[in-house]
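# Analysis of the macromolecular model
Spelled out from the first residue to the last, the chains are:
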Protein chains: 2
Amino acid sequence: MNIAIVGIGLIGGSIAIRLRETKTFDKIIGVDKNENNQKKALQLNLVDEVLPLDEAVQQAKVIVLCTPVDVIMKLAPTILDKIDDQVVIDMGSTKINILQKIADHPKRGRYVAAHPMAGTEYSGPEAAIPNLFKDKVMVYVEAFKSDEDAFDIADAITDQLEMKSVFMNAEEHDIHTAYVSHISHLTSFALALTVLEKEKSQGRIFELAGSGFESTVRLAKSSPDMWTPIFKQNRSNVLEVLEEHIKQLQKLHDKLQDEDYEGLHKLIKKSNKIKRIIK
Amino acid sequence: MNIAIVGIGLIGGSIAIRLRETKTFDKIIGVDKNENNQKKALQLNLVDEVLPLDEAVQQAKVIVLCTPVDVIMKLAPTILDKIDDQVVIDMGSTKINILQKIADHPKRGRYVAAHPMAGTEYSGPEAAIPNLFKDKVMVYVEAFKSDEDAFDIADAITDQLEMKSVFMNAEEHDIHTAYVSHISHLTSFALALTVLEKEKSQGRIFELAGSGFESTVRLAKSSPDMWTPIFKQNRSNVLEVLEEHIKQLQKLHDKLQDEDYEGLHKLIKKSNKIKRIIK
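Every chain's residues receive numbers from 1 upward, in the order its sequence appears when written. Chain letters and ligand numbers both follow the written order, the letters beginning at A and the numbers at 1. Restriction of local features to residues with pLDDT of at least 70 applies here, the model being predicted, together with a cutoff of 80 or more for giving and counting side-chain atom pairs; totals for whole chains, interfaces and linings are based on all residues.

### As for the domain arrangement of chain A
Residue and element names in this part refer to chain A. Where each domain starts and ends comes from a domain assignment, either automatic or drawn from a database. Segmenting chain A into domains produces domain 1 (2-169) and domain 2 (173-276). Here domain 1 and domain 2 have C-alpha centroids that lie 30 Å from each other. The contact rule is simple: place each C-beta atom from the backbone, and if two of them lie within 7 Å, those residues are in contact. Contacts between the two partners involve 16 residues from domain 1 and, on the opposite side, 15 residues from domain 2. Here a strand is any run of E in DSSP of at least two residues, a helix any run of H or I of at least four, and the numbering for each starts at the N terminus. Every element with two or more residues in the side of domain 1 that touches domain 2 is listed here: helix H4 (69-82), helix H5 (96-102) and strand S7 (137-141). For this classification, the nonpolar set comprises Ala, Val, Leu, Ile, Met, Phe, Trp, Tyr, Cys and Pro, the charged set comprises Asp, Glu, Lys and Arg, and every other residue, Gly included, is treated as polar. Its residues assigned to classes, the side of domain 1 that touches domain 2 shows seven nonpolar, six polar and three charged.

### Description of the interface of chain A and chain B
Contact with chain A, which involves 81 residues of that partner, is made by 81 residues of chain B. Going through the elements one at a time, S7, helix H7 (170-199), helix H8 (211-217), helix H9 (224-233), helix H10 (235-257) and helix H11 (261-271) of chain A are the ones with two or more residues in the side of chain A that touches chain B. No other element matches the 22 residues that H7 of chain A contributes to the side of chain A that touches chain B. Classifying every residue of the side of chain A that touches chain B by side-chain character gives 43 nonpolar, 23 polar and 15 charged.

### Examining the environment of Lys39 of chain A
All names here are of chain A. Looking at where Lys39 falls in the secondary structure, it is placed in helix H2 (residues 35-43). To sort residues by exposure, count the other C-beta atoms lying within 10 Å of each residue's C-beta; 20 or more gives buried, 12 or fewer gives exposed, and values between give partly exposed, all with C-beta atoms placed from the backbone. A residue is classified by how many C-beta atoms lie within 10 Å of it, and Lys39, with 13 of them, is partly exposed. On a C-alpha basis, the gap between Lys39 and Ile17 in space is 16 Å, while along the polypeptide they are 22 residues apart.

### Observations concerning unusual backbone geometry
Even without glycine at this site, Glu142 of chain A takes up a positive phi of about 50°. Relative to the helices and strands, Glu142 of chain A is located in the loop between S7 and helix H6 (148-160). Its identity is not glycine, yet Asp135 of chain B carries a phi of approximately 65°, on the positive side. Note that Asp135 of chain B resides in the loop between strand S6 (111-116) and strand S7 (137-141).

### Here's the deal with the nonpolar core
Take the buried Ala, Val, Leu, Ile, Met, Phe, Trp, Tyr and Cys residues, join any whose C-beta atoms are within 7 Å, and the set you get is a nonpolar core. Counting 190 residues, the largest nonpolar core has Ile5, Val64 and Leu65 of chain A together with Ile5, Val64 and Leu65 of chain B as the members making the most contacts within it. With residues near it in sequence (within four places) discarded, Val64 of chain B still touches Ile3, Ile5, Val6, Gly12, Ile15, Ile89 and Met91 of chain B.

### Examining helix H4 (residues 69-82) of chain B
Residue and element names in this part refer to chain B. Its 14 residues give H4 an end-to-end C-alpha distance of 20 Å, which sits within 8% of 20 Å, the value for a rise of 1.5 Å per residue. Along its length, H4 reaches its greatest deviation from straightness, about 30°, at Leu75, and the proline Pro77 lies no more than four positions downstream. Of all the residues in H4, the buried ones are Val69, Asp70, Ile72, Met73, Leu75, Ala76, Ile79 and Leu80. What a helix should span is 1.5 Å times the count of its residues minus one. At every residue, the bend is computed as the angle between two fitted axes, covering the seven residues ending there and the seven beginning there respectively.

### Side note on H6 of chain A
All names here are of chain A. The terminal C-alpha atoms of H6 lie 18 Å apart, and with 13 residues this matches the ideal 18 Å at 1.5 Å per residue to within 8%. Of all the residues in H6, the buried ones are Ala150, Phe151, Ile153, Ala154 and Ile157. Each buried residue of H6 lies within a common arc of 160° when the element is viewed along its axis, so the set occupies one face. Facing away from the buried surface of H6 by more than 90 degrees, the exposed residues are Glu148, Asp149 and Asp152. Each C-beta atom gives one direction from the helix axis, and the arc is the one those directions make.

### Details of the sheet that holds strand S6 (residues 111-116) of chain A
Residue and element names in this part refer to chain A. We treat two strands as partners when DSSP finds at least two bridges between them. Read across the sheet, eight strands follow the order S3-S2-S1-S4-S5-S6-S7-S8 without closing on themselves; strand pairing throughout is mixed. Two strands bound the open sheet, and with one partner strand each, they are strand S3 (49-50) and strand S8 (164-168). Strand direction decides the pairing type here: strand S1 (residues 2-6) and strand S4 (residues 62-65), joined by four bridges, are parallel. Paired with Ala4 across the strands is Ile63, a residue of S4. Against the sheet, helix H1 (residues 10-22) touches S1, strand S2 (27-31), S4 and S6, its axis set at about 160° to S1. Axis geometry follows a simple rule: fit a line to the C-alpha atoms, using only the stretch in contact for helices, then measure angles between N-to-C directions, giving values from 0 to 180 degrees.

### Brief notes about the relation of the copies chain A and chain B
To superpose the copies, least squares is applied to the C-alpha atoms of every residue with a pLDDT of at least 70 in both. Of the two same-sequence chains, chain A is brought onto chain B (RMSD 0.0 Å, axial shift 0.0 Å) by a rotation of 180°. A rotation of that kind, with that shift, is consistent with a two-fold axis. Judged by C-alpha distance, Thr216 of chain A is the residue of chain A that lies nearest the rotation axis, at 2.2 Å. When the interface residues of chain A are mapped onto chain B, 100% of them again fall at the interface, so both copies present the same face.

### Details of the pairing of S7 of chain B
Residue and element names in this part refer to chain B. Most of S7 is tucked away, with four of its five residues classed as buried. In this sheet, strand S8 (residues 164-168) lies alongside S7 in parallel orientation, the contact comprising five bridges. Opposite Met138, over in S8, you have Ser165 as the bridge partner. With respect to chirality, the unit in which S7 leads through helix H6 (residues 148-160) into the neighbouring parallel S8 is right-handed. The handedness rule is simple: strands pointing away from the viewer, and a clockwise path from the first strand over the helix to the second, make the crossover right-handed.

### Concerning the packing of H9 of chain A against helix H11 (residues 261-271) of chain B
Two numbers describe how H9 of chain A lies on H11 of chain B: the axes approach to 9 Å, and their chain directions differ by 135°. Relative to H11 of chain B, H9 of chain A is oriented oblique. Relative to H11 of chain B, H9 of chain A is oriented so that their crossing is right-handed. Within the contact between the two elements, H9 of chain A uses Pro224, Trp227, Thr228, Phe231 and Lys232 of chain A and H11 of chain B uses Tyr261, Leu264, His265, Ile268 and Lys269 of chain B. Small angles under 35 degrees read as roughly parallel and large ones over 145 as roughly antiparallel, with 65 to 115 read as roughly perpendicular and the rest as oblique. Note on convention: near helix rotated counterclockwise from far helix by under a right angle means a left-handed crossing. Clockwise means right-handed.

Pasting the structure below:
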């Protein structure tokens, strides 16, 4: 049984590394429209061979889509057009639009929508690492619409990746990821822009940057090619969260401007409740 | 030679741990107005004994102030009133107001203003850890106003902590820390408030929280007792940065609202320049 991984970057490459270790598939086929990525994926020994999409779909039992979400949007229906009983799994960070696109497709049952809640701020084949997914959460979206055998194959891969699983509908998924993933990236991008702007007039500014700064700004190294489509596909949820976040920042701002230090202390103490969630 | 550490929390406790290892001082005296902290500091063996401030000042050659900055503001002039040739070092996160307070004090030369760019989101004596300061930056502020022998004693401690050092004036220090430390905390507090608010209506929201979320929100566990005074003492700089940060978030928001994805992509790409600064 062969697997084709479409988009051999951080996610696709890291899946390949793990499936090589577990020897689940006879052959791992890489598909990537970027020639540089193709070369690197072979050099790094992530995949056994690189093929054009159509040939890969013919040779593989399982096709995993790990491209940016706008590309998944385009590929999902065209790949379903081409398959027989193969299984197509997408690993995209947004779900509503993708699943609408294939909702009425006659092969909908062969499609499994999944989202591994794992990643780093790096991208491309050289960003692929072992154990990226270990002990993380795989979210299955509208799993009840997948054929049982198709789901079982996807879930076997989730097991190989040593992940826990969670089930959600598409609306739930997209709003939750807006809150616990997409907004974090936006705050990091904005923070980087704020500080880089200031650096122009205050050259030495980064001499004092410590681990707190690094922690809040590291996501600003994330790929614009990956993230612009995510914000586009999850636009209304992201706008909602972003507006709430700006409102919270404005509240902190106003307490400080009004010298209401008791009020500021209260807000900070309230935010401390996040301890309940993260160790 | 004895040292007195006033405020035995994350910073004071971690200094104590290191100075115990290096055996630089005959006795490490702890001072803390909080009885619980006093007990813990003894239990954890951070200090040799706990004394009231006045006795500690009498017995110690070096007095290190590690309390919240509003307390440093109050303590600095009163301790200078009491000393003979002892050295007083403050480890506060803001400098302009503190240094104004003692600018004309006859003992100004015995005072060394320092700021270790190191920390974690935890607080209290049990948050003290070995090697907190190793390879981090100690900022000396207005060091030229300290007597040479007083500065040398402070600098010997910086060496013991295995830190690099940087020199700045108070204005530079306060604006730089607003950009690379204080704002990071505000964005984390606001992010935590945003998500905790949403949790009320969407209970499962944190199931999907991954390492990106954790990284941007972890500073929201920081102590309000420590941070409210920092924002108060650095109010005008913090307001300036916060306003710029909200502007940058609003820019990202507007690009998304206007569906200007090319513009959004450009902003994200620009923010990627932070790679130059953090590995």
